[in-house]
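# Fold and geometry: a report
The primary structure of each chain is shown beneath.
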Amino acid sequence: MAFCLDQVLELEPYSLQREEKRRLYTQALSELTRTHAEGCGEYGRILEVLGHDCAKDFAPEDQPMLPVRLFKRYELCSVPREEVAKVMTSSGTSGQQVSKVFLDKQNVRAQTRVLTEIIGSFIGKKRLPLLILDTALVKKDRSMFSARGAGIVGFTMFGRDILYALKEDMTLDVQAVRAFLEKHKGEKILLFGYTYMIWQYVAQALEQAGVHLAIEDGILFHIGGWKKLRDQAVSPQAFNESIREVLGSVRVHNYYGMAEQLGSVFVECEHGHMHCSIYSDVLIRRPEDFSLAKPGEKGLIELMSLLPVSYPGHVLLTEDEGEILGEDDCPCGRLGKYFKIHGRMAGAELRGCSDTYEQR
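Residues numbered from 1 in each chain as written. Predicted model: local features only at pLDDT ≥ 70, side-chain atom pairs only at ≥ 80, totals over all residues. Heavy atoms only, no water.

### A closer look at the overall build of the protein chain
Inclusion rule: Helix numbers and strand numbers start at the N terminus; a helix is a DSSP run of H or I with at least 4 residues, a strand a run of E with at least 2. Exposed residues in this analysis have more than 50% of their type's maximum accessible area, buried residues have under 20%, and partly exposed residues fall in between, with area computed by a 1.4 Å probe over protein chains only. Whether two residues touch is decided by their heavy atoms; if any such pair falls within 4.5 Å, the residues are in contact. Each accessible area is a Shrake-Rupley result for a 1.4 Å probe, and residues are judged covered by the shown protein chains and nothing else.
Within the protein chain, the secondary structure is distributed over 12 helices and 14 strands. Looking at the protein chain as a whole, 55% of its 360 residues are labelled buried. The long-range fraction of contacts in the protein chain, counting pairs at least 24 apart against all pairs at least 6 apart in sequence, stands at 71%. Accessible surface for the protein chain amounts to roughly 15600 Å². Of this, 48% is attributable to carbon and sulfur atoms.

Spelled out as structure tokens, the structure:
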């Protein structure tokens, strides 16, 4: 391909302004569409039905998009099966179909590199003492090793002296956590977990027990469905305040992503805005006709990523609702679009790791 992913990976993750990024995505997404049309028969047939002309380059908003649910129904792969290095599955409740995502070695390397660049821009380049707000069982139980297990294992590359805070029965090991914090007193502590599970098994458990863990300098990254929290009328602001109340001085960063575009994560900045990096982008579509929504208008989230080279996951229409808040002008200084997520479409399946765990 004329577009070179390795060259893009050399750039800072929030360094391209609107027109530069638009030119890059017009070229890169068009080439990815051609590559996947040739390599994946099912995808090629979809484009034929749509009447898409792969010989032409199209602007990002005119690229053919796949409904994310298609990955539950079809095995969409653009490389020979002997080149598949890993098959990822999405979260799902019992009896629910899960997505299968076929990754070759290039795709795996790119995902790891991009996640490192994005998270590193928030925490720095050094590995930090890492407190995983989950159970170590997630590493051993293959039924857990879907998006949840992969997310945890992927995040461990940012940490050292890793402690899993929950016992196998999902109760918080307060004694072990206190010992961990005492051992790393005076250091910056990195924390990671899934949103609802942190709320129920950490924040609520500590509050009910009257326990306060006085972390002096912490950074928490959390991901997962918000449906259960919204059902309990827990806002992101209330979640963050509760975390700081029981854990101490902790900066909280929610982030958004899915197994079908693993690695292309959107991290919440200090001002509460989800940010697009140079490796991925979003559009908002009106659900009634899939036309482009205006900034500030709520609609379906369309995700675009430069990473999927082994499967046609580069332009996906999700079942999540959101709105674009602005571009290139967030007070945090990061370039690119920033947006807000409103949650799942009414009637859509549960999807987040936290929500699907609770359904089980």
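There's more to say after this.
### Overview of the packing of helix H9 (residues 195-209) against helix H11 (residues 236-247)
Spelled out, the test is: For helices, the axis comes from a line fit to the C-alpha atoms of the stretch in contact; other axes are also lines fit to C-alpha atoms, and the angle between any two N-to-C directions lies between 0 and 180 degrees. Angular relationships are summarised with four words: roughly parallel below 35 degrees, roughly antiparallel beyond 145, roughly perpendicular across 65 to 115, and oblique for the angles in between. By definition, turning the near helix anticlockwise from the far helix through less than a right angle yields a left-handed crossing, and turning it clockwise yields a right-handed one. Any residue that is not Ala, Val, Leu, Ile, Met, Phe, Trp, Tyr, Cys, Pro, Asp, Glu, Lys or Arg is counted as polar, Gly included; the first ten are nonpolar and the last four charged.
The geometry of H9 relative to H11 is characterised by a closest axis approach of 10 Å and an angle of 45 degrees between their N-to-C directions. Judged by the inter-axis angle, H9 sits oblique to H11. Handedness of the H9/H11 crossing: left-handed. Contacts from Thr195, Ile198, Trp199, Val202, Ala203, Leu206 and Glu207 of H9 reach H11 at Ala238, Phe239, Ser242, Ile243, Val246 and Leu247. Across the contact of H9 with H11, the residue classes tally to 10 nonpolar, two polar and one charged.

### Observations concerning H11
Selection criterion: Each helix should span, by expectation, one fewer than its residue count multiplied by 1.5 Å. Directions drawn from the helix axis to the C-beta atoms are what define this arc.
The terminal C-alpha atoms of H11 lie 16 Å apart, and with 12 residues this matches the ideal 16 Å at 1.5 Å per residue to within 8%. Along H11, the residues classified as buried are Phe239, Asn240, Ser242, Ile243, Val246 and Leu247. Projection of H11 onto a plane perpendicular to its axis shows the buried side chains occupying an angular sector of 165 degrees, all on one side. Within H11, the exposed residues directed more than 90 degrees away from the buried face are Gln237, Glu241 and Glu245. Phi for glycine 248, located one or two positions after H11, is positive at around 110 degrees.

### Considering the pattern of salt bridges
Put simply, the test is: Basic side-chain nitrogens of Lys or Arg form a salt bridge, by our definition, when they fall within 4 Å of a carboxyl oxygen of Asp or Glu.
For the structure on display, the rule yields 20 salt bridges. Note that glutamate 319 and arginine 69 form a salt bridge whose closest N and O atoms lie 2.8 Å from each other. Taken as a pair, glutamate 319 in strand E13 (residues 315-327) and arginine 69 in the loop between strand E1 (66-67) and helix H4 (70-73) lie far apart in primary sequence, 250 residues in all. Residue glutamate 319 is classed as buried on the basis of its relative accessible area of 16%. Looking at arginine 69, the relative accessible area reads 34%, which means it is partly exposed.

### Some details on the side chain of glutamate 319
What counts here: Under the rule applied, a polar contact is a pair of N or O atoms within 3.5 Å (in protein, one hydrogen donor and one hydrogen acceptor; residues adjacent in sequence only if both atoms are side-chain atoms).
Within the structure, glutamate 319 has its side chain in polar contact with the side chain of arginine 69 (distance 2.8 Å). A distance of 3.1 Å separates a polar atom in the side chain of glutamate 319 from a polar atom in the side chain of arginine 344.

### Things to note about the layout of surface pockets
Inclusion rule: Computed over the protein atoms alone on a 1 Å grid, cavities are sets of points where a 1.4 Å probe fits but cannot get out and pockets are open sets with protein on both sides within 12 Å along at least five of seven lines; a residue lines them when it has an atom within 4 Å of a point. Grid points are joined across faces, edges and corners, and a volume is the space filled by probe spheres set on the points.
Of the volumes computed, that of the second largest pocket is approximately 390 Å³. Lining the second largest pocket are 18 residues, with Arg18, Arg22, Leu283, Glu327 and Lys337 sitting closest to its centre. At the level of elements, helix H2 (18-39), strand E11 (280-285) and E13 are the ones that each hand at least two residues to the lining of the second largest pocket.

Keep in mind these values describe shape, not function.
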